[in-house]
Amino acid sequence: MATLKEIRARIKAAKNIQQITKAMKLVAAARLKKATDRVLDARPYADKMRGLMESIASAGDLPSHPLMEKRPVSRACIILLTSDRGLAGAYNTGLIRKTTDFIKGSTFKASLITVGKKGTQFFSKRGYDVLHSLTVPSSGARLQDAIEVTRLARQLFESGEVDAIYVCYSKFFSAIRQVPQIVQLLPIEPPVSAQPTKSIPFEFEPEPAELLNSLLPRYFQTLIWQSMLEATASEFGARMTAMTSATDNAGKMIQALTLKANRERQAAITKEILEVVGGAEALK
């Protein structure tokens, strides 16, 4: 049975932990607000890009382009977006499990581009083929990070080293709901509208091939950038939720230990009183 001194030491340790988790919760909440604003600001642009691709696809067959080249998939690359730090609940675990299940269920050989130390550490230690790894600042992914990942992925696909590019990220819905998902990025397939429309003749200026040379790389980069923004918001949401739960649990532990310490202290005082009374009675 723990002594009163040991219980007080545990209370002090729990209070220190509670201060740390509360501070981390506040930091994550502030960063979540900024990350959410970035996601909401970027979504309209991504939606417009998708709408433009739908419009162009409705014009009929598009000219060939290296980013749209379809070939038998014997090797693919997965861009895995995790965090650099832990203490984010099941955020990293869900992404790693999603990627692992996808690789095991695939018929092709898979390589990885990892963004975030957690994904890099997990797959490097288990012998997976990690082609490149990047770290991101604690404040979240930057546009230059998306540009770098886009450059690496394009180089792998256009050189024929891989036949498909996928991204695994956590889509942000709210601070308590983030859903890991895997989406194919390359080869680019023109989005299909939910409401099929009749083919509309277009007159392109400049020529279709020149237009695609400008549009498709930007569209590909937009997909990656949007994924990284969603992942950043999901990370901060998961961390805020986890630290809120940890802070509440620490508070409950402090209450329980304080009650136990008070009982132990009361029992010790009662014992001392009984000893004094017993000694006094013995002297009579």
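Residues numbered from 1 in each chain as written. Predicted model: local features only at pLDDT ≥ 70, side-chain atom pairs only at ≥ 80, totals over all residues. Heavy atoms only, no water.

1. Re the overall build of the chain
Within the chain, the secondary structure is distributed over 5 helices and 5 strands. Overall, the chain shows an N-to-C arrangement of helices and strands of α-β-α-β-α-β-α-β-β-α. Since a compact globule built from 284 residues should have a radius of gyration of about 19 Å, the 28 Å found for the chain marks it as more spread out than a globular shape. Principal axes of the C-alpha set define a box for the chain whose edges measure 115 × 40 × 30 Å. Taken across its 284 residues, the chain has 39% of its residues classed as buried. For the chain, the proportion of contacts with a sequence separation of at least 24, taken over those separated by at least 6, is 78%. For the chain, the exposed area adds up to about 16300 Å²; of that, 56% sits on carbon and sulfur atoms. Put simply, the chain has 40 plus and 27 minus side-chain charges, and the middle of one group is 12 Å from the middle of the other. (Helix = DSSP H or I, 4+ residues; strand = E, 2+ residues; numbered from the N terminus. Rg over C-alpha atoms; globule rule 2.2 N^0.38 Å. Buried < 20%, exposed > 50% of the residue type's maximum accessible area, 1.4 Å probe, protein only. Contact = heavy atoms within 4.5 Å. Areas by Shrake-Rupley, 256 points an atom, 1.4 Å probe, with all protein chains shown as cover. Lys, Arg positive; Asp, Glu negative; His and termini not counted. Charge placed at Lys NZ, Arg CZ, Asp CG, Glu CD.)

2. Observations regarding the packing of aromatic side chains
Scanning all chains against the criterion turns up 5 aromatic pairs. For the ring pair Phe108 and Tyr166, a centre distance of 6.2 Å and an interplane angle of 10° mean the geometry is stacked. Residue Phe108 is located in the loop between helix 2 (91–104) and strand 2 (109–115), and its partner Tyr166 is located in strand 4 (residues 164–174); the two are separated by 58 residues in the primary sequence. The exposure classification of Phe108 matches that of Tyr166, with both residues buried. When the centroid spacing of 5.0 Å and the interplanar angle of 80° are considered together, the rings of Phe122 and Phe123 count as edge-to-face. Using a relative accessible area of 24% as the deciding quantity, one classes Phe122 as partly exposed. Residue Phe123 is classed as buried on the basis of its relative accessible area, which comes to 0%. An aromatic cluster is built from Phe102, Phe108 and Tyr166, whose rings are joined through pairwise contacts. Above the face of the Phe173 ring, Lys171 is positioned so that its terminal group lies 5.9 Å from the ring centre. (Phe/Tyr/Trp six-rings, centres within 6.5 Å; stacked < 30°, edge-to-face > 60°. Lys NZ or Arg CZ within 6 Å of the ring centre and 35° of its normal.)

3. Notes on a nonpolar patch on the surface
On the surface, Ile269, Ile273 and Val277 cluster together into a nonpolar patch covering about 250 Å² of accessible area. You can see Val277 is positioned in helix 5 (residues 208–283). (Patch = residues over 30% accessible without salt bridge, like charges linked within 9 Å, V, L, I, M, F, W, Y side chains within 5 Å. Salt bridge = Lys/Arg side-chain N within 4 Å of Asp/Glu carboxyl O.)

4. As for the sheet that holds strand 5 (residues 177–186)
Taken in spatial order, the 5 strands line up as 3-2-1-4-5 in an open sheet, and their pairing is mixed. Every other strand in the sheet has two partners, leaving strand 3 (130–134) and strand 5 as the edge strands with one partner each. Neighbour to neighbour, the strand axes of the sheet diverge by 20° on average, direction disregarded. Bridge count for strand 4 against strand 5 is 9 bridges, and the pairing is antiparallel. Following the sheet pairing, Phe172 is matched in strand 5 by Gln178. (Pairing = 2+ DSSP bridges. Axes fitted to C-alpha atoms, helices over the stretch in contact; angles between N-to-C directions.)

5. Quick look at the pairing of strand 3
Regular strands have side chains that alternate between both faces of the sheet. In the sheet, strand 2 pairs with strand 3 via 4 bridges, with the strands oriented parallel. Bridge pairing in strand 3 places Thr114 opposite Ser133. Handedness of the strand 2-helix 3 (residues 117–125)-strand 3 crossover: right-handed. (Right-handed = clockwise from strand over helix to strand, strands pointing away.)

6. Observations regarding the nonpolar core
One finds Ile79, Leu81, Ile165, Ile188, Ile224 and Met228 to be the most contacted residues of the largest nonpolar core, which totals 61 residues. Within the residue set of this core, elements represented by two or more residues are helix 1 (4–57), strand 1 (75–81), helix 2, strand 2, helix 4 (143–158), strand 4, strand 5 and helix 5. Residue contributions to this core peak at 14 residues, all from helix 5. With near-sequence residues (within four places) excluded, Ile224 lies in contact with Ile79, Ala146, Val149, Thr150 and Leu185. Membership of the second largest hydrophobic core comes to 7 residues, among which are Ala2, Ala14, Ile254 and Ala261. (Core = buried A, V, L, I, M, F, W, Y, C linked by side-chain atoms within 4.5 Å.)

7. A word on the pattern of salt bridges
Pairing of side chains with opposite charge becomes possible as their charged atoms draw close. The tally for this structure, following the rule as stated, stands at 10 salt bridges. Asp129 is the salt-bridge partner of Arg75, the closest N and O atoms lying 2.4 Å from each other. Pair noted here: Arg75 is in strand 1 and Asp129 is in the loop between helix 3 and strand 3, with a separation of 54 residues, a long-range link. Judged by relative accessible area, Asp129 falls into the partly exposed class, the value being 28%. Between Arg154 and Glu158 there is a salt bridge; the shortest N-O distance is 2.9 Å. Of this pair, Arg154 and Glu158 both sit in helix 4, 4 residues apart, which is roughly one turn of the helix. The structure contains a network of salt bridges with shared partners spanning Arg43, Lys171 and Glu230.

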